[in-house]
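Listed here are the chains, written in short residue letters.
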Amino acid sequence: MKSDMITYSAADPQSISRPVAKTADGKNGSVPPENGKISSSRRVKIGVLQGLMRVSFVIILALLACMIGYIIYRGAAHVTWTLVSTSPSLLNDTIGILPNILNTLYIVLMTLVLVLPLGVGTAVYLTEYAANAKLVSVIEFATETLAGIPSIIYGLAGMLIFVQFFSLGTSLLAGALTLVIMTLPTIIRTTQESLKTVPDSYREGGLALGAGKWYMIRTVVLPSSIDGIVTGCILAIGRIVGESAALLFTAGMANEIMNLGEAIQPGHAGSTLTVALYMYAKERGEFDVAFAIALILLVLTFLINMAAKLVAKKLRRPTQNED
Amino acid sequence: MATIIQSENLNLWYGDHQALKDINLSIEEHQITALIGPSGCGKSTFMKTLNRMNDLVKSCRIEGKVTLNGVDIYKDMDANILRKRVGMVFQKANPFPMSIYDNVAYGPRIHGIRSHAKLDEIVERSLQQAALWDECKDRLKTSALGMSGGQQQRLCIARALAVEPEVLLMDESTSALDPISTAKIEDLCLELKKKYTIVMVTHNMQQANRISDVTAFFLLGELIEAGETKQIFLNPTNKKTEEYITGRFG
């Protein structure tokens, strides 16, 4: 009876000595073995690899800094109160992008409201419920293909389907619906990946306490994968904010101020910041305005992503705040 | 002593492989029943039929009957209600990534308890039953994942006890723990059997001998021998049982 206690303690010194033997083999370079030295060839390898990592880090950082710096340098001087607070006026000969800022926010909101339930729901179904592995792989293949299609094709399809067939007209709504289809693969994929990282032991633990499957998914699985869902949202927001081709044909190029109630109705066209940027730079050669818009886009994207992260923080532990 | 769980001619297949063959076993109230046998002998599979966790395995097919207080759990009982009455502690501690409090309150919340006072009471009682209250009463709101392995396993026991089950299934629940934590959980089992019925799967013969009242020996999907632990260990009737518990194979 007591023999297993004895074997345990007898095995103890062995288990301590084993990792030391491993470092002597040179398996773990960061912990010095007994003599405190590692071979010079290993030291060179480690040095080269660490050097490469540092270089790539610096390159990425420099690229980002240059890009942001250049946009600020070219754009900052042209961001004026008139620009951000009015719509363009031919009479006064001024350019304003308030309608475009609002349209961007509306379209982000509308798209997310529609794509999140669809995408998260699909991902939950595919990962947690679907029993037919063949069907799942077909759907996954289809969504991956969807993700690879150039956005101009979404624009054409959106125009034919939403603008014309469903008679929504060139409108923010048609644009948002087009973007829903475009961002769906992103949301499904990131949600699925993050659902797969939730250990099965959580699921078993929930079910073993008598939880129904949906209750268990809602209270354990989804809160554990909220980070992945937010990552998906941020990627989707990036695509929405950065999209021009798919919106040119579907949401149109109008620059009028709308409230949210108007924006969600069919027939109300409007251009987002990116579409406006494209128009000012390409059609009218107003590069100062284009860079000012670019700067505002950067700030806006940053703010939206921050908001998404805040929401995630609030959502992460839904049961924790109950008491 | 009353029988609480009874399996009759229980057969189970995973696809074409028959994992359990004609198992007839009664589990008595307020006793610790140990299921022993070499890996792959069907003891864990058998235990999972008792709270229908095998339902989650797609290729699994079951014939025969398992009753809980006389009611057929596969025909006349909802799986969620069964699992409330027959709780389970797994091999590896699996606390949810929530606070200690929320882990214990998870079960009662499923079953509709919302009152804070009631939940507080259940959490305290369950943690006390799992001999964990004194160690964590000051940090109930901190994440359960910050606890040690042994504490996490006792938390899982507390979580299972919080729904007031009648039977507690323990699937090698001490195999990943150090001897001190193991001893704590064994003491706990001896305490808990006064109120609950415990079925445990174990690879540790000493453990089965130390704490169980009844031992059932499985081999290749068959129940070779079941009886009082003393008799099984001192005077097994079957040659294979003797060979296994004396360590000649396994």
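Residues numbered from 1 in each chain as written. Chains lettered and ligands numbered in written order. Predicted model: local features only at pLDDT ≥ 70, side-chain atom pairs only at ≥ 80, totals over all residues. Heavy atoms only, no water.

Going by what an unreviewed UniProt entry lists, chain B is known as Phosphate ABC transporter ATP-binding protein and is assigned to Bilifractor porci.

Scanning chain A for helices and strands turns up 14 helices and zero strands. Listed N to C, the secondary structure of chain A is α-α-α-α-α-α-α-α-α-α-α-α-α-α in terms of helices and strands. Per-residue burial over chain A gives 39% buried out of 323 residues. Of the contacts formed within chain A by residues at least 6 apart in sequence, a portion of 74% connects residues at least 24 apart. Here chain A has roughly 18000 Å² of accessible surface; of this, 68% comes from carbon and sulfur atoms. (Helix = DSSP H or I, 4+ residues; strand = E, 2+ residues; numbered from the N terminus. Buried < 20%, exposed > 50% of the residue type's maximum accessible area, 1.4 Å probe, protein only. Contact = heavy atoms within 4.5 Å. Areas by Shrake-Rupley, 256 points an atom, 1.4 Å probe, with all protein chains shown as cover.)

A few words on the packing of aromatic side chains. Centre distance and the angle of the planes are the two values used to describe a pair of aromatic rings. One pass over the structure, following the stated rule, counts nine aromatic pairs over all chains. Ring centres of Tyr70(A) and Phe291(A) lie 5.7 Å apart, and the angle between their planes is 85°; this geometry places the pair in the edge-to-face category. Taken together, the residues span a long stretch of sequence, with Tyr70(A) in helix H2 (residues 40-75) and Phe291(A) in helix H14 (residues 287-316) at a distance of 221 residues. The exposure class of Phe291(A) is buried, given its relative accessible area of 17%. When the ring of Phe162(A) is compared with that of Phe166(A), the centres are 6.3 Å apart and the planes differ by 25°; the resulting orientation is stacked. Across from the ring centre of Trp13(B), 4.3 Å away, lies the NZ or CZ of Arg61(B), which sits over that ring. (Phe/Tyr/Trp six-rings, centres within 6.5 Å; stacked < 30°, edge-to-face > 60°. Lys NZ or Arg CZ within 6 Å of the ring centre and 35° of its normal.)

Our next topic: the packing of H2(A) against H14(A). All names here are of chain A. It is at 8 Å that the axes of H2 and H14 come closest, and there the two elements cross at 130°. The orientation of H2 with respect to H14, classified from their angle, is oblique. Judged by the sense of rotation from one axis to the other, the crossing of H2 with H14 is left-handed. Taking contact as the criterion, the partners of Ile68, Tyr70, Ile71, Ile72, Arg74 and Gly75 in H2 are, on H14, Phe287, Asp288, Phe291, Ala292, Ala294, Leu295 and Leu298. In terms of residue class, the contact of H2 with H14 is built from 10 nonpolar, one polar and two charged. (Axes fitted to C-alpha atoms, helices over the stretch in contact; angles between N-to-C directions. Parallel < 35°, antiparallel > 145°, perpendicular 65-115°, else oblique. Left-handed = near helix turned anticlockwise from the far one by under 90°. Nonpolar A, V, L, I, M, F, W, Y, C, P; charged D, E, K, R; others polar.)

Bringing the UniProt feature "domain: ABC transporter" (unreviewed entry) in chain B into the picture now. Per the UniProt record, the feature "domain: ABC transporter" (unreviewed entry) sits at residues 5-245 of chain B. Secondary structure over residues 5-245 of chain B splits into 37% helix and 27% strand, and the C-alpha atoms at its two ends are 25 Å apart. (UniProt positions renumbered as here; feature names shortened; annotations may be inferred.)

This brings us to the pattern of salt bridges. Per the counting criterion, the structure on display carries 17 salt bridges over all chains. Between Arg125(B) and Glu164(B) there is a salt bridge, with its nearest N and O atoms 3.5 Å apart. In this pair, Arg125(B) is assigned in helix H4 (residues 116-129) and Glu164(B) in the loop between helix H6 (149-161) and strand S7 (167-171), connecting sequence segments 39 residues apart. The closest approach of N and O atoms between Lys239(B) and Glu243(B), which form a salt bridge, is 4.0 Å. Of this pair, Lys239(B) and Glu243(B) both sit in helix H10 (residues 239-245), four residues apart, roughly one helical turn. Assessed through its relative accessible area of 52%, Lys239(B) is described here as exposed. Residues joined in a network through salt bridges with shared partners are Glu128(A), Asp200(A) and Arg203(A). (Salt bridge = Lys/Arg side-chain N within 4 Å of Asp/Glu carboxyl O.)

We now examine the interface of chain A and chain B. Chain A puts 27 residues into the contact, and the matching count from chain B is 35 residues. When chain A packs against chain B, close to 2700 Å² is buried across both sides, 57% of that on carbon and sulfur atoms. Counting the contacts that link chain A with chain B gives zero salt bridges. Linking chain A with chain B are three residue pairs in polar contact (both at pLDDT 80 or more), by the criterion used here. The set of elements that each furnish at least two residues to the side of chain A that touches chain B consists of helix H1 (3-25), helix H8 (200-208) and helix H9 (213-224) of chain A. Among the elements that line the side of chain A that touches chain B, the one with the most residues is H8(A), at seven residues. For the side of chain A that touches chain B, the residue count by class is 12 nonpolar, 10 polar and five charged. (Buried area = accessible area lost by both parts, 1.4 Å probe. Polar contact = N/O pair within 3.5 Å; in protein donor to acceptor, adjacent residues only side chain to side chain.)

Residue and element names in this part refer to chain A. With respect to the helices and strands, arginine 203 occurs in helix H8. Its relative accessible area of 12% is what places arginine 203 among the buried residues. At 3.0 Å, the side chain of arginine 203 forms a polar contact with the backbone oxygen of leucine 195.

Nonpolar side chains in soluble globular proteins tend to be buried together. Counting residues in hydrophobic clusters, the biggest one holds 69 residues, and the most contacted among them are Ile97(A), Ile107(A), Leu172(A), Leu273(A) and Tyr106(B). In contact with Leu273(A), not counting residues within four places along its chain, are Ile97(A), Asn100(A), Ile101(A), Thr104(A), Ile293(A), Ile296(A), Leu297(A) and Leu300(A). Formed by 45 residues, the second largest nonpolar core is a distinct cluster that contains Cys136(B), Leu155(B), Leu161(B) and Ile232(B). (Core = buried A, V, L, I, M, F, W, Y, C linked by side-chain atoms within 4.5 Å.)

Considering the arrangement of structural elements, one finds Leu109(A) in helix H4 (residues 98-129). Distance in space between the C-alpha atoms of Leu109(A) and Val48(A) is 47 Å, their sequence separation being 61 residues.

Residue and element names in this part refer to chain B. With eight bridges connecting them, strand S1 (residues 3-14) and strand S2 (residues 17-28) associate as antiparallel partners. Following the sheet pairing, tyrosine 14 is matched in S2 by histidine 17. In this structure, the hairpin formed by S1 and S2 is closed by a connection of two residues, where glycine 15 is found at a positive phi of approximately 60°. Examined bridge by bridge, S1 and strand S4 (residues 60-68) share eight bridges and lie antiparallel to one another. (Pairing = 2+ DSSP bridges.)

Tallied over the full model, the rule gives zero disulfides over all chains. Between Cys41(B), a free cysteine, and Cys60(B), which holds the nearest cysteine sulfur, the sulfur-to-sulfur gap is 16 Å. (Disulfide = S-S within 2.5 Å.)

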